[in-house]
Amino acid sequence: MKEKLKPYILLAPIFLILFSVFSIGIIVCMLQSLGCFPLIGLNEITLDYYKEILRDTTFIKSFLFSLSTCAISSIISVVGGVMIAYMLIRDNKYSKFRKSLIRLPIIIPHIVVVLLIFMVFSQSGVIARILYNIGFINDTNDFSILTMDKNGIGVILVYIYKGIPFIAFMTFSILKNFSDNLESVAMNLGASKSQAFFNILLPLSMPTIISSFIIIFAFSFGSFEVPYLIGPTTPRALPVEAYIRYSSSDLTQRPYAMAINVILTTFSFVLLIIYNKLLKKIYKYKL
């Protein structure tokens, strides 16, 4: 019995410290979002800040911007990742090398990818300079704005660069397991490769694909550094909007920032609940 409790006893001090810091942060965030901020004379609990935020056009635009960029990048990442994973299981000759190559973008920090995208796709980047030198455009300023644009193309490119390898890595093993058995049986019964993939492999892999989609979507939705560095100034991504309000010299903006943070956290918890339910289905299927 003591041996079983030993790991938990050893982890207890650091767990209590992290739990305390995390809990205090959440409590302070919740209280300030409800208007309890004694530092500036706010002592009454109210939902007015949530009401004002939800009616604020800036918040709505920021929410829609975050939602659209994350949804587009996540969908493209899922399609591209599943295609790459299927290509890997079809060709085993260089699969180890290609799998290692796919893992590389996963370990590269997002800030490095932001700099890479900016160097390649900005108006002073590599592509603009090449097009200018070959005479395709008269000036580098004629190159379409793909970074810091209001459509968030640069942000989407960063998320896709990181998302496709992650989806491919997550779906490769499960597609490989199904492909070794079910695909060969289906083809022996007269099905084509495409029919075996779309009618058998893809439906069976869908729980893993959907859970992977939720992971990259939730991460992108709560990401701060990418839209802050390469995103537009208006509309801003929701985490950036919360940061701008929080760091404002006007302390009356602090409750609004905390309300945005609570909304972000609630949205993330909803995605976490969905992910856990899908994960239970996956484990149930495997068992």
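Here the structure is shown first, and the text comes after it.
Since the model is a prediction, treat every value here as computed from it, not as a measurement.

Calculation criteria
- Residues numbered from 1 in each chain as written.
- Predicted model: local features only at pLDDT ≥ 70, side-chain atom pairs only at ≥ 80, totals over all residues.
- Heavy atoms only, no water.
- Patch = residues over 30% accessible without salt bridge, like charges linked within 9 Å, V, L, I, M, F, W, Y side chains within 5 Å.
- Areas by Shrake-Rupley, 256 points an atom, 1.4 Å probe, with all protein chains shown as cover.
- Salt bridge = Lys/Arg side-chain N within 4 Å of Asp/Glu carboxyl O.
- Helix = DSSP H or I, 4+ residues; strand = E, 2+ residues; numbered from the N terminus.
- Axes fitted to C-alpha atoms, helices over the stretch in contact; angles between N-to-C directions.
- Parallel < 35°, antiparallel > 145°, perpendicular 65-115°, else oblique.
- Left-handed = near helix turned anticlockwise from the far one by under 90°.
- Contact = heavy atoms within 4.5 Å.
- Nonpolar A, V, L, I, M, F, W, Y, C, P; charged D, E, K, R; others polar.
- Core = buried A, V, L, I, M, F, W, Y, C linked by side-chain atoms within 4.5 Å.
- Buried < 20%, exposed > 50% of the residue type's maximum accessible area, 1.4 Å probe, protein only.

**Q** Is there a simple way to explain a nonpolar patch on the surface in this structure?
**A** On the surface, Leu11, Ile14, Phe15, Leu16, Ile17, Leu18, Phe19 and Val21 cluster together into a nonpolar patch covering about 850 Å² of accessible area. Mapped onto the secondary structure, Leu16 falls in helix H1 (residues 2-33).

**Q** Hey, could you run me through the packing of helix H3 (residues 57-90) against helix H8 (residues 193-221) in this one?
**A** Each packed pair of helices is defined by two parameters, the angle between the axes and the distance between the axes. Across the interface, H3 lies against H8 with an axial gap of 9 Å and an inter-helix angle of 140°. Between H3 and H8, the angle is such that the two are oblique. Read as a crossing pair, H3 and H8 show a hand that is right-handed. Note on element contacts: H8 touches H3 through Lys193, Phe197, Leu201, Leu202, Ile209, Phe213, Ile216, Phe217, Ser220 and Phe221, opposite Phe63, Ser66, Leu67, Cys70, Ala71, Ser74, Ile75, Ser77, Val78, Val82, Tyr86 and Arg90. Tallied by class, the residues present in the contact of H3 with H8 amount to 16 nonpolar, 4 polar and 2 charged.

**Q** Could you clarify how one ought to interpret the nonpolar core in this entry?
**A** Soluble globular proteins tend to bury their nonpolar side chains together. Counting residues in hydrophobic clusters, the biggest one holds 21 residues, and the most contacted among them are Tyr50, Ile53, Phe59, Phe221, Leu238 and Ile260. Going through the elements one at a time, helix H2 (48-55), H3, H8, helix H10 (238-246) and helix H11 (254-286) are the ones with two or more residues in this core. Ranked by residue count, the leading element in this core is H11, at 9 residues. Apart from residues lying up to four places away in sequence, Ile53 is in contact with Phe59, Arg245, Tyr256, Ala259, Ile260 and Ile263. With 17 residues, the next largest nonpolar core counts Leu88, Ile102, Phe172 and Phe197 among its residues.

**Q** Explain unusual backbone geometry to me, please; I cannot follow it from the model alone.
**A** Negative phi values dominate among residues other than glycine, just as trans dominates among peptide bonds. Following Thr234, the chain continues to Pro235 via a peptide bond in cis, the omega torsion being -5°. Examined against the element boundaries, Pro235 turns out to sit in the loop between helix H9 (225-230) and H10. Notably, Met148 is not glycine yet its phi reads approximately 60°, a positive angle. You can see Met148 is positioned in the loop between helix H6 (126-133) and helix H7 (153-188).

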